[in-house]
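Listed below, chain by chain, are the residues.
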Amino acid sequence: MDLNDKTQENLEYMIEQIKLKLRMASAAAMQASAFSKEQYDDIRDLYEMVMSKNTMSISEVEAIASELGRLRGN
């Protein structure tokens with residue numbers, strides 16, 4: 001998968017991977033289809049940061065979930 005291509009499929013893949021990595025309790029509420037390609041670069045930055053970490057604190061997970069919520073709301 002080439003994440004340099006700004007496709008809806010890639011966007012949805014990154015959102016799903018972030019949700020899996022974070023083991024988000026509210027993952028069902030965070031539908032990948034709720035995000036648009038206009039947020040692709042922001043989502044990719046978030047995705048790369050999440051994937052680079054082996055562990056995350058509760059506050060980091062909350063901050064990431066909050067950022068996803070903000071991006072979804074735009």
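Residues numbered from 1 in each chain as written. Predicted model: local features only at pLDDT ≥ 70, side-chain atom pairs only at ≥ 80, totals over all residues. Heavy atoms only, no water.

Asker: What's the story with the side chain of Gln39 in this structure? I'm lost.
Answerer: Looking at where Gln39 falls in the secondary structure, it is placed in the loop between α1 (8–22) and α2 (40–52). Residue class for Gln39 comes out buried when judged on its relative accessible area of 7%. Polar contacts involving the side chain of Gln39 include one to the main-chain amide nitrogen of Ser36, which spans 2.8 Å. (Helix = DSSP H or I, 4+ residues; strand = E, 2+ residues; numbered from the N terminus. Buried < 20%, exposed > 50% of the residue type's maximum accessible area, 1.4 Å probe, protein only. Polar contact = N/O pair within 3.5 Å; in protein donor to acceptor, adjacent residues only side chain to side chain.)

Asker: Would you mind going over α1 with me for this structure?
Answerer: Three- or four-residue spacings in an α-helix give side chains the same orientation, since the helix completes a turn every 3.6 residues. Here α1 contains 15 residues, and its C-alpha end-to-end distance of 21 Å stays within 8% of the 21 Å for a straight helix at 1.5 Å per residue. Residues Asn10, Leu11, Met14, Ile15, Ile18, Lys19 and Leu22 constitute the buried set of α1. Residues of α1 that are buried sit in contact with α2 and α3 (58–73). Phi turns positive, to about 50°, at Arg23, one or two residues after α1. (Expected span 1.5 Å × (residues − 1). Contact = heavy atoms within 4.5 Å.)

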